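# Structural description and commentary
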Amino acid sequence: MGTSAIILVAIGLLLEAWLLLVIWRRRLLRAFPFFSVYILAALALAFTKLAVIHDYPTYFKVFWSGEVLYAALALLALHEAFKRLFEPFLRIYSWFRFVFPVGVIVFAGIPLLYTLLRPPHEVSPVTSLILSFELGVNLLQCGLFIVFLAIKQVLNISTRTYSWGIVEGFAATALAGLMYAARSEFGTKLDFLVKYGPPVAYIVALLLWLETFIRVERDSRWMLAINPEELAAEVAAYTRTLKRLLERRR
C-alpha cells in the first residue's frame, strides 16, 4: 500500500470514528440503526483489511465479503432514510411502499442482465456476481438520489434533514463506485480514477454526513406549506374535477 493510499485510509478512519461519536452524542443510534451499523462495519473492516494486507488470499476474501456487507447495509440504510423522508406518503398511499422495492429490482436487474450478456473476463463467476450486485447498488443509490431530488423540488421539501444528508452521501459514493464499471469498458485508461476515485468520494461522503449530523438541530421530516393530508385532499379534488371534465367531453 502506497503512502497516498495510507493517508486516504487514515483520513477515512478518523472521519468514521468522528461521525459515530457525533451520532452517539446526538442519541441518533436508534433513529438510524442501519446507517450507524454501516459506519461501524466500515470502521471495523478497514482495520481488518489493514491487519491482513500482507496475506493476499485472506485480504481478497475480507475485501469482497466487505463489499457485499457494505452493499447490503447501504440498501438497508437507504430504505431507512426513504421511510423517514416519505413517512406521510407511506401512511396515506398504500402503493407508495412499493416504490423502493421496485427500484431495487429494476436497478439491480440492469447490471445482472448486463453481466449475463457480457460477463467480465479474468474473474470467477462468484466475483462476477458480486460486481454486478455492487453495480446494482450503486445504480440504485444514484437513482434514488435523483428520485428524491425530483420529489423534493416538486413538493418543496427541506434538504436540511438527517435522512436527506444520508442519501446525498450515498450518492457520492455511488458515483465513484460506477468507475469500476467504466474501468471494465474503457480499460486501463481509467486506472488512476479507479484507484483514487472511490476512497476520495467516500471521504467526501463522510464529510457530507458529518456536516449533516453536526449542524442539523432537528430532523424535520416534512417541510411543505401544507400537511400531507391536505395535499392528498387537494390531489383527490383535482382528480375528481378531471374525471368530470372527461365525462362531459364524452
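Residues numbered from 1 in each chain as written. Predicted model: local features only at pLDDT ≥ 70, side-chain atom pairs only at ≥ 80, totals over all residues. Heavy atoms only, no water.

Attention shifts here to the overall build of the protein. In terms of helices and strands, the protein carries nine helices and zero strands. The N-to-C order of helical and strand elements in the protein reads α-α-α-α-α-α-α-α-α. Within the protein, buried positions represent 41% of all 250 residues. The long-range share in the protein, meaning contacts at least 24 apart out of those at least 6 apart in sequence, stands at 75%. When the accessible surface of the protein is split by element, carbon and sulfur atoms take 68% of a total near 14,900 Å². (Helix = DSSP H or I, 4+ residues; strand = E, 2+ residues; numbered from the N terminus. Buried < 20%, exposed > 50% of the residue type's maximum accessible area, 1.4 Å probe, protein only. Contact = heavy atoms within 4.5 Å. Areas by Shrake-Rupley, 256 points an atom, 1.4 Å probe, with all protein chains shown as cover.)

Of all hydrophobic cores here, the largest spans 53 residues; its most connected members are L19, F35, Y38, I39, F170, W209 and F213. At eleven residues, the largest contribution of residues to this core is made by helix α3 (residues 56–85). When sequence neighbours within four positions are dropped, the list of residues in contact with L19 reads F35, I39, L206, W209, L210 and F213. (Core = buried A, V, L, I, M, F, W, Y, C linked by side-chain atoms within 4.5 Å.)

In this model, the protein carries an average pLDDT of 77, and 65% of its residues clear a pLDDT of 70 or more. Predicted confidence in the protein is weakest over helix α9 (residues 228–249), with a mean pLDDT of 61, and strongest over helix α2 (residues 33–51), with 92. (pLDDT = per-residue confidence, 0-100.)

Packing of α2 against α3 leaves a shortest axis separation of 8 Å and a crossing angle of 165 degrees. Judged by the inter-axis angle, α2 sits roughly antiparallel to α3. As for the relative orientation of α2 and α3, their crossing is left-handed in sense. When α2 is examined against α3, the residues P33, F34, F35, V37, Y38, A41, A42, L45, T48 and K49 are found in contact with a partner set consisting of Y59, V62, F63, G66, L69, Y70, L73, A74, L76, A77 and E80. For the contact of α2 with α3, the per-class residue count stands at 17 nonpolar, two polar and two charged. (Axes fitted to C-alpha atoms, helices over the stretch in contact; angles between N-to-C directions. Parallel < 35°, antiparallel > 145°, perpendicular 65-115°, else oblique. Left-handed = near helix turned anticlockwise from the far one by under 90°. Nonpolar A, V, L, I, M, F, W, Y, C, P; charged D, E, K, R; others polar.)

Remark: helix α1 (residues 3–25) packs on α2, axes separated minimally by 10 Å, with the N-to-C direction vectors making an angle of 150 degrees. The way α1 lies across α2 gives a crossing that is left-handed. Note on element contacts: α2 touches α1 through F35, S36, I39, L40, A42, L43, A46, F47 and L50, opposite V9, L13, E16, A17, L19, L20 and I23. Its residues assigned to classes, the contact of α1 with α2 shows 14 nonpolar, one polar and one charged.

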